[in-house]
Amino acid sequence: MDRNIEYRNGQMTMESVTMRQIAAAVGTPCYVYSAAGMERAYRRLEAAVLASKIPTTICFAVKANPNLAVINLFSKLGSGADVVSGGELERALRAGIAAERIVFSGVGKTRAEIARALEVGIGQFNVESPSELAMINRLAAAVNLVAPVVFRVNPDVDAATHAKISTGKKDNKFGIAIDEIPSLWQLALKLPNVKLLGLAVHIGSQINELGPSRQAFIKMRELVLNLRSQGAVIERLDLGGGLAISYRGEKTVAPEDFIALISEVIGDLGCQLILEPGRYLVGDSGVLLTEVLYRKSQSGREFAIVDAAMNDLMRPALYGSYHHIVPVAEAADGAPLTPFDIVGPICESTDSFTSGRELPPLAEGDLLAFLDAGAYGASMSNGYNSRPLVPEVMVKGDRFDVIRPRIGAEEFYKFDKLCNEC
Ligand SMILES: *Cc1c(COP(=O)(O)O)cnc(C)c1O
């Protein structure tokens, strides 16, 4: 196991802390992250960027893992942030990221969110429609500011990833159709309270091959040249996120190859770059720990019912995603493998993490780890079935800290209130 995890003396260990220790201290289910793993991913991408000599700002896509401790870790490494809501904006600011290093993406920014972003001096709005452009101009005029904007281009490229995380086809809701950009650019030049900095593109997540990115970047290059031939000044290109991690041993795009592609296709344009990686920076540095509550055999299937559920880790239920599931105590050499269905306690048939997965013998009380759960894990967790919100732990060397406690039902229902009119 790469990912800063290995078996030591038969116990799964992250950096120098055993998962058994954390389960005993915090309880299960819980997320556990490796600070060293996150730092290593950032440094690797940063090194590739530096080698390219193109001035680039890495903006961590907060939605992949919005815990303040995680954002703060990237902030200390020099990262900016990509946010998609007012809530993420507040988190990024609170975690120490300067407003001018924050870019605001998203297809449906509210008036309140835009006003707040203007108030704090956000670095860039990624505009996704002519209506949004008009709204930003109006709200900026009201407070006598000039909003820095780029247009998010929909390049009509198929990212060849899961349909539910593909964002760059013309029938997706994202971005502005590439053919409409030149006329919108001319229109925007007449708006006194926006400053046009450049263009953005983001075609999807978990992109496993270079081809779709190449197509998108070539289209962006042609668009830049076309706009420049009409006198446009384009200083900035935001190339989005999408770098993949390997969930089941599949080949992924190396960050070095991704940056080499960028250099090749748009390196000569003289633009500053923004990158918005999320999953790549955090995905393989996190695990979800869970305990086997019960075993049962039913109509020829072996079930292990665990204490984690689809509300804690939604990806399998939402996208049919695969996560390696491994025992925290190393299985004996030559232990027989049996196909297991690993399911959670929630009253939904989709609350199943896997079916027929070959695993060594499992017994009640055994601890399991879902690997590669650092991205879109805790960030998508919720309190369905009035289950507590799953806690999060950060490991650093031989120490660990709880970076979000288990938030229980009473903390949720204290905001409910009996209806006075009833
Ligand atoms: C989600 C998102 C990202 C991050 O995507 P990853 O696949 O996690 O790298 C970046 N930019 C935008 C606009 C996004 O919506």
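To be clear, the structure that these remarks concern was listed above.
This text gives an overview of the structure that appears in the document. Worth saying up front: this structure is predicted, and the values here are computed from it rather than measured.

1. Remarks on the site of the ligand
Around the ligand, 14 residues are found, and the nearest of them are Lys 63, Ser 205, Glu 276, Arg 279 and Tyr 376. A distance of 2.3 Å separates an oxygen atom of the ligand from a polar atom in the side chain of Ser 205. In the environment of the ligand, an oxygen atom lies 2.9 Å from a nitrogen or oxygen atom belonging to the backbone of Gly 278. Expressed as a share of its isolated accessible area of 390 Å², the protein-covered part of the ligand is 93%. For the shell around the ligand, the per-class residue count stands at three nonpolar, six polar and five charged.

2. Focus: the pairing of strand β19 (residues 367–370)
Where burial is concerned, the two faces of β19 agree: the one with Leu 367 and Ala 369 and the one with Leu 368 and Phe 370 are both buried. Here four bridges tie strand β14 (residues 286–298) to β19, and the two strands are oriented antiparallel to one another. From the neighbouring strand, Thr 290 faces β19, where its bridge partner is Leu 368. Where strand β16 (residues 325–327) meets β19, three bridges bridge the pair, whose relative direction is antiparallel. In the strand pairing of β19, Ile 325 is matched with Phe 370.

3. Looking at the pattern of salt bridges
Under the counting rule described, the total for this entry stands at 17 salt bridges. Asp 312 serves as the salt-bridge partner of Arg 387, at 2.8 Å between the closest nitrogen and oxygen. Separated by 75 residues along the polypeptide, Arg 387 in the loop between β19 and β20 (392–396) and Asp 312 in the loop between β15 (301–306) and α11 (315–319) bring together distant segments of the chain. Each member of the pair, Arg 387 together with Asp 312, is buried. In this structure, the salt-bridge partner of Glu 392 is Arg 404, at a minimum N-O distance of 3.5 Å. Placement of Glu 392 in strand β20 and of Arg 404 in strand β21 (residues 399–404) is noted, with a sequence separation of twelve residues between them. Given a relative accessible area of 3%, Glu 392 falls into the buried group. Given the relative accessible area of 17%, Arg 404 is considered buried.

Thresholds, definitions, all that
- Residues numbered from 1 in each chain as written.
- Predicted model: local features only at pLDDT ≥ 70, side-chain atom pairs only at ≥ 80, totals over all residues.
- Heavy atoms only, no water.
- Near = heavy atom within 4 Å.
- Polar contact = N/O pair within 3.5 Å; in protein donor to acceptor, adjacent residues only side chain to side chain.
- Areas by Shrake-Rupley, 256 points an atom, 1.4 Å probe, with all protein chains shown as cover.
- Nonpolar A, V, L, I, M, F, W, Y, C, P; charged D, E, K, R; others polar.
- Buried < 20%, exposed > 50% of the residue type's maximum accessible area, 1.4 Å probe, protein only.
- Helix = DSSP H or I, 4+ residues; strand = E, 2+ residues; numbered from the N terminus.
- Pairing = 2+ DSSP bridges.
- Salt bridge = Lys/Arg side-chain N within 4 Å of Asp/Glu carboxyl O.

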